[in-house]
Amino acid sequence: MLVSGRLVLLRSTPTLASNHHSAGVAKVVLKKGKTQLFKDGSPMVYSGAVDRVIGRPPPTTGDIVLVADGTEKPIGWGFYNSTSMFRVRLMQLQDEDPSCALNAEKLLETRIAAAAKLRHNLGLPSPHTNAYRLVNSEGDRLSGLIVDIFGDLAVIASSAAWVQIYQHQIMDCLSRLNNIKRISWRPTVEILKEEGLDLSDLKKPDLIIPQTMVKVMENQISYLISLDGQKTGFYADQRENRSFVSTISEGRRVLDICCYTGGFSLNAASGGALDVIGVDTSFPALELAKENVALNDLDPRRISFLRQDATEFMKAAVSRNESWDIVILDPPKLAPRKKVLKSASGMYRNLNYLAMQLTKRGGLLMTCSCSGAMTQSGLFFRILQAMEHHDIWVNILPYCAKCACMSTFQGAASMAGRKITVVRQAGAACDHPIDPAYPEGAYLTSILLRVL
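Residues numbered from 1 in each chain as written. Predicted model: local features only at pLDDT ≥ 70, side-chain atom pairs only at ≥ 80, totals over all residues. Heavy atoms only, no water.

Caption draft 1: Molecular detail of the overall build of the protein chain. Of regular secondary structure, the protein chain possesses 13 helices and 21 strands. Taking all 452 residues of the protein chain together, the buried fraction comes to 49%. A fraction of 64% describes how many contacts in the protein chain between residues 6 or more apart in sequence connect residues 24 or more apart. Accessible area of the protein chain: about 21,300 Å², with a carbon and sulfur share of 53%. (Helix = DSSP H or I, 4+ residues; strand = E, 2+ residues; numbered from the N terminus. Buried < 20%, exposed > 50% of the residue type's maximum accessible area, 1.4 Å probe, protein only. Contact = heavy atoms within 4.5 Å. Areas by Shrake-Rupley, 256 points an atom, 1.4 Å probe, with all protein chains shown as cover.)

In structure tokens:
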């Protein structure tokens, strides 16, 4: 090209097709009209979007494959799965860093380093908090990989076949981070079965250091957490919501329903609450909650825990006309799949109906849902407030037992005879980023209501 009398040579941008690693790599060709979704960054290539697979022998689960449009022009690459409904987890697009093209080890190193830099920029870890999420699956563009940090321990939650296959490379990347001294690997068994893996055939990584109990700090509050507990052992996603509770609890009576190991309860007590009661069904979780009270030198006369079913406790408290200034309701995941959204809607409605009755008039109810299907449906607000029959409820809410027509659905506030106002709305903490190209990554909803 001639520019101002000088001959300038233009260097062509490397493509996946021209990459020397692409020889022998199978190609997954998308159906007509399906390409743009994945060009825009959606990482999950579902089986229904695939037109054909080119390659002999055909790719097997965990293999690197090219993803191409209908003309067989590559748009990116990812990890193949012959069993899962997600046929390819798209890891990189055509116009991105060529040094990572078709190179899983380089990609892991780059993405994990980027995740660590983001957390550093967010102030994590800090002198007051050493429990946080380092890698948040699609939010950090490593679909199926979760890494939580507890002090110098990294807990890896695997929910994709490729993560299991590349476990040693993942641990190598993590072990090179300055603050990581120990690693615990926790495969999500049920999801990995859907990925087509037989976990009985998988060898445990050699680098894992056995650990059952860890002490961490979050916002200056200390916690003992059990690695045998739920998920990775601690719900770092609620960190900012727990901290907020501590700022509004001074001089208040607080009820924490589904308290687990006492996260919200401890924050309320540390914030100066007059009296805190935590309720949960898990004996091991409540034992840890009690240990956490002692660990933080809190007055056990002001904070206590009861082992009881949430619904039974609330019904009994309503019958005694009891009420609290602040009620926190953080139930387990009630709608893990869209197909159970109908039944989960009724459960959320009934729990919140009881919680509203236990909230003093003018008091506050923090109600949460960690169900991705519920959060993404946008129904949670409608469940909380009064709702009449509406087209949006078709196929979601219960049918009338005596007829085929849709029954009128009454929201929790209407059932309780209360008026609610939304004071605050939040999701997961900032170390749980969400890729806007994959909104399905949003799962946690936390709503603070004034109940009149």
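Caption draft 2: Main features of the pairing of strand β14 (residues 221-226). Most of β14 sits out of view: six of its six residues are buried. Here β14 shows a buried face lined by I221, Y223 and I225 and a second buried face lined by S222, L224 and S226. Bridging between strand β13 (residues 213-218) and β14 involves six bridges; their strand directions are antiparallel. Bridged to K215 within β14 is L224. (Pairing = 2+ DSSP bridges.)

Caption draft 3: Structural detail: helix α2 (residues 104-121). If you check α2, its first and last C-alpha atoms are 26 Å apart, about what 18 residues at 1.5 Å a residue would give, namely 26 Å. Three or more residues of α2 are buried, namely A104, L107, L108, R111, I112, A115 and R119. On an axial view of α2, the arc spanned by its buried residues comes to 120°, and they lie on one face. Turned more than 90 degrees from where α2 packs its buried face, K117, H120 and N121 sit exposed. Buried residues belonging to α2 abut β6 (64-68), β7 (74-80), β8 (86-93), β9 (131-136), α3 (161-165) and α4 (167-175). Here α2 starts with a cap whose side-chain oxygen sits 3.3 Å from the backbone nitrogen of E105, and that cap is N103. (Expected span 1.5 Å × (residues − 1). Arc of directions from axis to C-beta. Polar contact = N/O pair within 3.5 Å; in protein donor to acceptor, adjacent residues only side chain to side chain.)

Caption draft 4: Spatial organisation of the pattern of salt bridges. Tallied over the entire structure, the rule returns 14 salt bridges. One salt bridge in this structure joins R52 and D51, with 2.5 Å as the shortest N-O distance. Here D51 falls in the partly exposed class, since its relative accessible area comes to 43%. Between E287 and K290 there is a salt bridge; the shortest N-O distance is 3.7 Å. You can see E287 and its partner K290 sitting in helix α8 (residues 283-295), three residues apart, about one turn around the helix. (Salt bridge = Lys/Arg side-chain N within 4 Å of Asp/Glu carboxyl O.)

Caption draft 5: How the structure looks around the nonpolar core. Grouped together as the largest cluster of nonpolar side chains are 36 residues, with contacts concentrated most on L255, I257 and M356. Ranked by residues supplied to this core, first place goes to helix α10 (residues 341-357) with seven residues. Discounting chain neighbours no more than four positions away, the residues touching I257 are V279, A310, F313, M314, I328, L329 and D330. (Core = buried A, V, L, I, M, F, W, Y, C linked by side-chain atoms within 4.5 Å.)

Caption draft 6: How the structure looks around the sheet that holds strand β11 (residues 153-158). Here we have four strands laid out as an open sheet, ordered β9-β10-β11-β12, and mixed in their pairing. Two strands lie at the open edges of the sheet, namely β9 and β12 (182-187), each paired on one side alone. On average, adjacent strands in this sheet sit at an angle of 20° to one another, irrespective of strand direction. α4 contacts β9, β10 (145-150), β11 and β12 of the sheet and is inclined by roughly 145° relative to β12. (Axes fitted to C-alpha atoms, helices over the stretch in contact; angles between N-to-C directions.)

Caption draft 7: Here's a closer look at the confidence of the model for the protein chain. On average, residues of the protein chain carry a pLDDT of 89, and 87% of them reach 70 or more. Within the model, pLDDT remains below 50 along residues 388-408, and this stretch shows 33 contacts once partners closer than five positions in the same chain are excluded. (pLDDT = per-residue confidence, 0-100.)

Caption draft 8: Focus on the packing of helix α6 (residues 239-248) against helix α7 (residues 263-270). Running from amino to carboxyl end, α6 crosses α7 at an angle of 30°, the nearest separation of the two axes being 7 Å. The angle between the axes of α6 and α7 places the two elements in the roughly parallel class. Crossing geometry of α6 relative to α7 is assigned as right-handed. Facing α6, whose interface residues are N241, R242, S243, V245 and S246, α7 presents G263, F264, N267 and A268. A per-class count over the contact of α6 with α7 returns three nonpolar, five polar and one charged. (Parallel < 35°, antiparallel > 145°, perpendicular 65-115°, else oblique. Left-handed = near helix turned anticlockwise from the far one by under 90°. Nonpolar A, V, L, I, M, F, W, Y, C, P; charged D, E, K, R; others polar.)

Caption draft 9: Representation of the packing of α2 against α4 in the model. The interhelical angle for the contact between α2 and α4, taken along N-to-C directions, is 40°, at an axis separation of 10 Å. You can see that α2 and α4 cross each other, and the crossing is right-handed. Of the residues in α4, those touching α2 at E105, L108, E109 and I112 are Q169, I170, C173 and L174. The class makeup of the residues in the contact of α2 with α4 is five nonpolar, one polar and two charged.

Caption draft 10: Structural context of the environment of G363. Relative to the elements of secondary structure, G363 occurs in strand β19 (residues 359-369). C-alpha of G363 to C-alpha of L452: the two residues are 89 residues apart in sequence and 7.3 Å apart in space.

Caption draft 11: Focus on the side chain of R349. Within the element layout of this structure, R349 appears in helix α10. The class for R349 is buried, based on a relative accessible area of 15%. Within the local environment of R349, its side chain forms a polar contact with the backbone oxygen of Q410, the two atoms lying 2.7 Å apart.

Caption draft 12: How the structure looks around the pairing of β7. Across the seven residues that make up β7, a large majority, seven, are buried. Strand direction decides the pairing type here: β6 and β7, joined by five bridges, are antiparallel. When the sheet's bridge partners are listed, L66 is paired in β7 with W77. Following β6, the chain reverses through five residues before pairing antiparallel with β7; E72 in that reversal takes a positive phi of roughly 70°. Taken together, the five bridges between β7 and β8 define a ladder with antiparallel strand orientation. Of the residues in β8, the one forming a bridge with W77 is Q92. Between β7 and the antiparallel strand that follows it, β8, lie five residues.

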